[in-house]
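# Chain and residue survey
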Amino acid sequence: MSTATATSTVDLGAPVPVLSFSPVVLPVPGRPVDLEVRVSAPATGTDLPVILLSHGHGPSNNLSSLNGYAPLANFWAAHGFVVIQPTHLTSRTLSHLVADAPGAPDFWRSRAEDMTHILDRLDAIERTVPRLAGRIDPAKIAVAGHSLGGFTAALLLGAGLADPETGSVVHLADPRIKAGVLLAAPGRGGDVLNGPMAEQWPVIGAVDFSTMTAPALVVAGDKDDSRHFTDMGPDWHADPYTLAPGPKTLLTLFDAEHGLGGIAGYDAAETTDENPERVAALARLTAAYLSTRLHPGTPAWATACEALTTGPDPVGRVESK
């Protein structure tokens, strides 16, 4: 790997052109439709780390699919990551095909298993995507997810889940995933899960963060008040940090609502707090966090925090344990 490539990956130097290829189609036995993924990668570089990106469950048709989250996926890929985005069975693009499939409507188990299937087929993905073969480092894997995708990421990072149908505790962690980023993820269950959507999505309150041992950055907006699930206020979205063991880091974004400035897509209509500067800062901070986690000892995270969370106009505050 050249010095220039190493620098752009580890220290978040200048962006490089991005290659994006979709769909890569992965047949999965028992899944009602094939698993389709988008792969975005830098045009140059080797030994590239991977980010598995789990979409949320928003009101748009295509943002909750392999076609969403371009503001993050493009930045991450331009700075040295291979970003792999599945279309989960919760996607509105599949509603007409899977409405009566086992696991509907939340498909909580399938969503996590999608990521395991992707990791099982990394070699096939490398061979399918032009100019990617031999460039992935399979030892450097991270997961990121927004909203319901954050819920999925938590399971992959070690959180347990009490199956609402059987009561048995299920663990879907994948040890190949070394770190994660949870973006506006759901929080605890119990008495605080008292909003009108709680009965429709009981699985949201069934997560046990006490076993989520893998390193993670939890991102929460201080204006993200999800009254449809809880009256706890924005602190609910910090629960994956508060209730999980270390090593964990919490990034609280100032004035951010559930869209965190508009990460689900460029100019997304449902973004209630559109702020391109916030999205750019978040993209840089998340890339820096994962760079430092996957390349221990490198300064990317400290540098980004110094630039964006200190001084007279910080985008948010950071705490760790």
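Residues numbered from 1 in each chain as written. Predicted model: local features only at pLDDT ≥ 70, side-chain atom pairs only at ≥ 80, totals over all residues. Heavy atoms only, no water.

## Describing the nonpolar core
Which entries qualify depends on this criterion: As used in this record, nonpolar core signifies buried Ala, Val, Leu, Ile, Met, Phe, Trp, Tyr and Cys residues forming a set joined through side-chain atoms within 4.5 Å. When a residue's accessible area, from a 1.4 Å probe over protein chains only, is under 20% of the maximum for its type it is buried; when over 50% it is exposed; and in between it is partly exposed. Per the convention used, a helix needs a DSSP run of H or I reaching at least four residues, while a strand needs a run of E reaching at least two, with both numbered from the N terminus. Every residue pair with non-hydrogen atoms within 4.5 Å of one another is taken to be in contact.
Formed by 52 residues in total, the largest nonpolar core has its most connected members in Val39, Leu52, Val82, Ile84, Ile118 and Phe151. At the level of elements, strand S1 (18-26), strand S2 (35-42), strand S3 (48-54), strand S4 (82-86), helix H4 (108-120), helix H5 (122-128), strand S5 (136-146) and helix H6 (148-156) are the ones that each hand at least two residues to this core. No other element matches H6, which puts six residues into this core. If near-sequence neighbours (up to four positions away) are discounted, Ile118 is found in contact with Leu26, Leu35, Val37, Leu52, Ile84, Pro86 and Ile125.

## A closer look at the packing of aromatic side chains
Selection rule: Centres within 6.5 Å make a pair out of two Phe, Tyr or Trp rings, where for Trp the six-membered ring is used; the pair is then stacked when the planes are under 30 degrees apart, edge-to-face when over 60, and tilted otherwise. Only lysine NZ and arginine CZ atoms are considered, and such an atom sits over a ring when it is within 6 Å of the ring centre and within 35 degrees of the ring normal.
In the structure shown here, the tally under the stated rule is two aromatic pairs. Between Tyr289 and Trp301, the aromatic rings sit 5.5 Å apart at their centres with planes inclined by 85°, giving edge-to-face as the arrangement. With Tyr289 in helix H8 (residues 276-294) and Trp301 in helix H9 (residues 300-308), the pair connects residues that are twelve residues apart, well separated along the chain. Here Tyr289 and Trp301 have matching classes, each one buried. Above the ring of Tyr241, the side-chain terminus of Lys321 is found at 4.9 Å from the ring centroid.

## Notes on the packing of H8 against H9
Applied cut-off: The axes are straight lines fitted to the C-alpha atoms, using for helices just the contacting stretch, and the angles between their N-to-C directions are given from 0 to 180°. When describing relative orientation, an angle under 35 degrees is termed roughly parallel and one over 145 degrees roughly antiparallel, while 65 to 115 degrees is termed roughly perpendicular and anything else oblique. When the near helix sits turned anticlockwise from the far one by under a right angle, the crossing is termed left-handed; a clockwise turn instead gives a right-handed crossing. Under the scheme applied, nonpolar residues are Ala, Val, Leu, Ile, Met, Phe, Trp, Tyr, Cys and Pro; charged residues are Asp, Glu, Lys and Arg; polar residues are all the others, including Gly.
Two elements in contact, H8 and H9, have axes separated by 7 Å at closest approach and are oriented at 155°. By the angle between their directions, the pair H8 and H9 is classed as roughly antiparallel. Both H8 and H9 take part in a crossing whose hand is left-handed. Taken together, the residues of H9 that come into contact with H8 (itself represented by Ala281, Arg284, Leu285, Ala288, Tyr289, Ser291 and Thr292) are Ala300, Trp301, Thr303, Ala304, Cys305, Ala307 and Leu308. The residue inventory of the contact of H8 with H9, partitioned by class, reads ten nonpolar, three polar and one charged.

## Quick look at unusual backbone geometry
With an omega dihedral of 0°, the bond running from Ala104 to Pro105 counts as a cis peptide bond. Inspection of the secondary structure assignment puts Pro105 in the loop between helix H3 (95-98) and H4. Of the consecutive residues Gly246 and Pro247, the connecting peptide bond is found in the cis state with omega at 0°. By the secondary structure assignment, Pro247 is in the loop between helix H7 (239-242) and strand S11 (248-253).

## Re the confidence of the model for the chain
As a reminder, the rule being used: The pLDDT score gives, residue by residue, the confidence of the prediction method on a 0 to 100 scale.
On average, residues of the chain score 94 in pLDDT, and 97% of them reach the 70 mark or higher. Segment residues 1-9 is flagged for pLDDT under 50; beyond a separation of four residues in sequence, or across chains, it makes 16 contacts in the model.

## Observations regarding H9
Condition: The reported arc concerns the directions from the helix axis to the C-beta atoms and nothing else.
Along H9, the positions that sit buried rather than exposed are Ala300, Trp301, Ala304, Cys305 and Leu308. For H9, the buried positions fall inside an angular range of 125° around the axis, keeping them on one side. Exposed residues pointing more than 90 degrees away from the buried face of H9 are listed as Ala302 and Glu306.

## Examining the sheet that holds strand S9 (residues 207-208)
The condition that has to hold: Any two strands with at least two DSSP-identified bridges between them are counted as paired.
Pairing is antiparallel across the open sheet formed by three strands, whose spatial order is S7-S6-S9. Only two strands of the sheet have a single partner each, and these edge strands are strand S7 (169-171) and S9. Where strand S6 (residues 160-162) meets S7, three bridges bridge the pair, whose relative direction is antiparallel. By the bridge assignment, Leu161 is partnered in S7 with Val170.

## Section: the pairing of strand S8 (residues 179-183)
Within S8, five of the five residues are buried, leaving the element largely enclosed by the surrounding structure. Every second residue of S8 is oriented toward a common face, with Ala179, Val181 and Leu183 on one face and Gly180 and Leu182 on the other, all of them buried. In the sheet, S5 pairs with S8 via five bridges, with the strands oriented parallel. From the neighbouring strand, Ala144 faces S8, where its bridge partner is Val181. Looking at chain direction, S8 and strand S10 (residues 216-221) are connected through four bridges and run parallel. Looking across to S10, one finds that Val181 is bridged to Leu217.

## Quick notes on the side chain of His237
With respect to the helices and strands, His237 occurs in the loop between S10 and H7. According to the relative accessible area criterion, His237 is buried, its value standing at 1%.

## Quick word on the environment of Ala142
Examined against the element boundaries, Ala142 turns out to sit in strand S5. Looking at Ala142, the relative accessible area reads 0%, which means it is buried. C-alpha of Ala142 to C-alpha of Leu183: the two residues are 41 residues apart in sequence and 14 Å apart in space. Apart from residues no more than four positions distant in its own chain, Ala142 is found in contact with Val50, Ile51, Leu52, Ile177, Ala179, Leu290 and Leu294.

## Thoughts on the pattern of salt bridges
Applicable threshold: Just to be clear on terms, a salt bridge is a Lys or Arg side-chain nitrogen sitting within 4 Å of an Asp or Glu carboxyl oxygen.
One pass over the structure, following the stated rule, counts nine salt bridges. Here Asp163 makes a salt bridge to Arg109, at a shortest N to O gap of 4.0 Å. Taken together, the residues Asp163 in the loop between S6 and S7 and Arg109 in helix H4 connect sequence positions 54 residues apart. Judged by relative accessible area, Asp163 falls into the buried class, the value being 10%. A salt bridge links Arg176 to Asp174, with the nearest nitrogen and oxygen atoms 2.8 Å apart. Linked by salt bridges that have partners in common, Asp120, Asp174 and Arg176 make up one network.

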